[in-house]
Every structure is written in C-alpha cells, then in structure tokens.
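A closer look at the structure
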Amino acid sequence: VVEAQAPIEVTYDVVIVGGGGAGLAAAVSASDQGASVILIEKAGFLGGNSIVSGGIYNAADPELQEPLGIEDSVELHIQQTWEGGDKVADLDLVTVLCSNALDGLHWLESMGMEFDGTITQGVGSLYRRTHSAVMPNGTGYIKCFTDNLAQKENVSIIMETEGKSLITDESGAVVGVIAQGRDGETITLHANKGVVLATGGFA
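Residues numbered from 1 in each chain as written. Predicted model: local features only at pLDDT ≥ 70, side-chain atom pairs only at ≥ 80, totals over all residues. Heavy atoms only, no water.

Turning to helix α6 (residues 139-150), a few remarks are in order. A rise of 1.5 Å per residue sets the reference length of α6, with its 12 residues, at 16 Å; its end C-alpha atoms lie 16 Å apart and thus fit the reference within 8%. Taken residue by residue, α6 has Gly140, Tyr141, Ile142, Cys144, Phe145, Asn148 and Leu149 as its buried positions. As for α6, its buried residues are in contact with α1 (21-32), β3 (56-58), α5 (101-110) and β5 (155-158). (Helix = DSSP H or I, 4+ residues; strand = E, 2+ residues; numbered from the N terminus. Expected span 1.5 Å × (residues − 1). Buried < 20%, exposed > 50% of the residue type's maximum accessible area, 1.4 Å probe, protein only. Contact = heavy atoms within 4.5 Å.)

Below is the structure:
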C-alpha cells in the first residue's frame, strides 16, 4: 500500500497546464513580462506533439519570397488557412495566427531558433511560405524554449503532474488548478494573473 503524500499548495502569477510547444511558449512569454510561472506536464518529458511534428513554420515573408518571385501576403495566408480548414475555424483567431506569424518567427530566431533560410511548400501547406527548422522534427523549437526557460529564476516546471480540475472564484473566473503529482499527492496551484490551458492532447 502506497501512503498518500501530503498535499502541496503554491501560488504563482501564471499557471500553465501542458508542456508542449504552446505551453512552453506561454511560459517564455509570461516570464519575459516579469510574471512568476509554474508549468505542469503529465508526461515525463517536455515537447508533446510539437517535438514530433514536421518542424515547419508557415509565414508570409517578403524578404525571402520576393527574390523568388513568390507573391504572398498576410491576407492570402489568412484566406487560405480559413478556406483550407473548410471555414469551420474562428476567423478572428485565424487572423491573429497569420497576422503574427512573421513576428513569431523572428521572436523564435531571437532566442536562438535556427531555420535553414529557404522557402518551400511543406507537406500539408497550401502555399510556398514554409520555413524549415535546421534541427529535425520539432526538436529545435523545444530546445529553444527549454534553453530559454533554464536561464529564468521565475519559472518552475513540474513533470509527471496532471491537471485534474480548475479552481474558480465566486464570479466564475478561473483562478487556479488542482493537479495530481507523480506520487498521488494533490497539488493546488493558485494563479494571481491567469491560467493557460495548453493541453492539445499528446498521443
């Protein structure tokens, strides 16, 4: 019989559930803004689906496309992304994604992420606007994020810890997460500024 471990209760500015690309990016962004961050990941490793992805990044990029005679724009990227998904996506979110794609690419590069400097049309892409990572699959992205986070004192990462439920206040706002640690202990995570759910469903 395994004895139940003592419950743990902590408070951070931001609580992030999920240690794939989205969760790690959120941790970098929040910590860069000065927030204290705790990220929990149910697996024993970071990366989720992102680490086994194709490693490609799509963004309209005039600097690389124009010398090749490729006519592209943020508007075309938005249109193709929305129509390519049978118009079931939230168009406002598609617009945010595509409008910020190039800035996101430069943000990654500022942290040391390496792309090969070419423009191709990656598998599943709808147009020739694909930037390819130097490292295989999604490993470069995850290394970029984890290397960045390793230098920060305001970020904690707990592995093998699964989010179980959300904590809400009287108004219904989400203010924390109840999780279960690797030894079965209950971990209560209070968030002063917000909870980020980045649980895409690694499989």
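It is worth spelling out unusual backbone geometry at this point. Note: most peptide bonds trans; most residues except glycine with negative phi. Although it is not a glycine, Lys87 adopts a positive phi angle of roughly 60 degrees. Within the secondary structure, Lys87 is located in the loop between α3 (74-84) and α4 (91-99). Residue Lys87 is classed as partly exposed on the basis of its relative accessible area of 48%.

Read across the sheet, 6 strands follow the order β5-β2-β1-β8-β7-β6 without closing on themselves; strand pairing throughout is mixed. Looking at strand neighbours, the two that pair on one side only are β5 and β6 (162-168), the edges of this open sheet. On average, each strand axis in the sheet is inclined to that of its neighbour by 40 degrees, with strand direction left out of account. Pairing geometry for strand β7 (residues 174-180) and strand β8 (residues 186-197), over 5 bridges, is antiparallel. Note on β8: the bridge partner recorded for Gly176 is His190. Here α1 sits on the sheet and contacts β1 (8-17), β2 (37-40), β5 and β8; the angle it forms with β2, its principal contact strand, is near 175 degrees. (Pairing = 2+ DSSP bridges. Axes fitted to C-alpha atoms, helices over the stretch in contact; angles between N-to-C directions.)

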